[in-house]
Amino acid sequence: MSRKALIAANWKMFKTPAEARAFVEAFLPLVAGHERDEIALFPSPVLLPTVVEAVKGSKVAAGAQNIHFAEEGAFTGETSVGQLKAVGGTHTLIGHSERRQYFGETDEIVNKKLHTALKHGVVPIVCIGEVLAEREAGKTAEVLKTQVTGAFAGITAEAAGPIVIAYEPVWAIGTGKTATPEIAIDAHKIIRAEVARLLGVEVAAAMRILYGGSVKPDNCTSLIGQEEIDGALVGGASLKPDSFAAIVKY
Ligand code: 13P
């Protein structure tokens, strides 16, 4: 089955509105006519209206780095899925390792957010991945299976179509230590098998699994070029138009 690759930029807590606009203005000409892959930008919520406006008329999508699971309410500092959609966002990251590590997000919270995103027609990119100690203890498969099972609780095969998974080994994020294609392929196979166990082989075969963790222009081809790797979630190297465009064109 052929899956259209998704190349996503996670800008984390970087850029002002002016810098975001300048990025898009420089980036769009570099990927004009690029049809092979989907492209999505994930800026901070305050930058979203600017980015949505700037990408208008192109095929580049914009989304949130995080949403709350509640539709609205007294949740200071949070963003709802309705607010995301109202400003034109179409995608959201869920359960990024930095959210898990610094903001206490558990598989249970990830699961609630996934239900909310699907209910409102926002494309969810569920982030999972092991920390170094887990890999060194030989627990990678167990951790990935637990994260997939936790995230997917109560999700039906019928509803699962839009879900994207991003495998981001925590030890590879922002460290310059990229997973080898073999490590990534191995993890993706474990994840796909777990999705198949939960939701059936058809859903699993259609689900896109991205790799994230120190993806750069000089290593992207060896990763995204693999049959089992359906795109990339890029942090640092997505902040500059030319390096992100080079990754899109892997
Ligand atoms: P880096 O590409 O900077 O390692 O970040 C990866 C990431 O966390 C994307 O979500």
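Residues numbered from 1 in each chain as written. Predicted model: local features only at pLDDT ≥ 70, side-chain atom pairs only at ≥ 80, totals over all residues. Heavy atoms only, no water.

Before going further, it helps to examine the packing of aromatic side chains. The tally for this structure, following the rule as stated, stands at four aromatic pairs. Through a chain of ring-to-ring contacts, the aromatic side chains of Trp 11, Phe 23, Phe 27 and Phe 244 assemble into a single cluster. In this arrangement the basic side chain of Lys 15 is found over the ring face of Trp 11, its NZ or CZ atom lying 5.1 Å from the centre. Seen from the ring of Phe 103, Arg 99 lies directly overhead, with NZ or CZ sitting 4.3 Å from the centre. (Phe/Tyr/Trp six-rings, centres within 6.5 Å; stacked < 30°, edge-to-face > 60°. Lys NZ or Arg CZ within 6 Å of the ring centre and 35° of its normal.)

Within this structure, the stated rule accounts for zero disulfides. Of the cysteine sulfurs around Cys 127, a residue in no disulfide, the closest is that of Cys 220, at 19 Å. Taking the relative accessible area as the measure of exposure, Cys 127 reaches 2% and is therefore buried. (Disulfide = S-S within 2.5 Å. Buried < 20%, exposed > 50% of the residue type's maximum accessible area, 1.4 Å probe, protein only.)

Summarising the element assignment, Asn 111 is placed in helix α5 (residues 107–119). Judged by relative accessible area, Asn 111 falls into the buried class, the value being 11%. (Helix = DSSP H or I, 4+ residues; strand = E, 2+ residues; numbered from the N terminus.)

A few words now on the packing of α5 against helix α7 (residues 140–151). Packing of α5 against α7 leaves a shortest axis separation of 7 Å and a crossing angle of 45 degrees. On the basis of the axis angle, α5 is oblique to α7. Judged by the twist between their axes, the crossing of α5 over α7 is right-handed. Along the contact surface, α5 presents Asp 107, Val 110, Asn 111 and Leu 114, while α7 presents Thr 146, Gln 147, Gly 150 and Ala 151. Considered class by class, the residues forming the contact of α5 with α7 number three nonpolar, four polar and one charged. (Axes fitted to C-alpha atoms, helices over the stretch in contact; angles between N-to-C directions. Parallel < 35°, antiparallel > 145°, perpendicular 65-115°, else oblique. Left-handed = near helix turned anticlockwise from the far one by under 90°. Contact = heavy atoms within 4.5 Å. Nonpolar A, V, L, I, M, F, W, Y, C, P; charged D, E, K, R; others polar.)

What follows covers the side chain of Asp 230. When you line up the elements, Asp 230 lands in the loop between α10 (220–224) and β8 (231–234). Of the residues examined, Asp 230 reaches a relative accessible area of 4% and is grouped as buried. One polar contact links Asp 230 to Arg 3, side chain to side chain, over a distance of 2.9 Å. Setting aside residues no more than four positions away along its own chain, Asp 230 makes contact with Arg 3, Lys 4, Ala 5, Leu 6, Arg 192, Met 207, Arg 208, Ile 209 and Leu 210. (Polar contact = N/O pair within 3.5 Å; in protein donor to acceptor, adjacent residues only side chain to side chain.)

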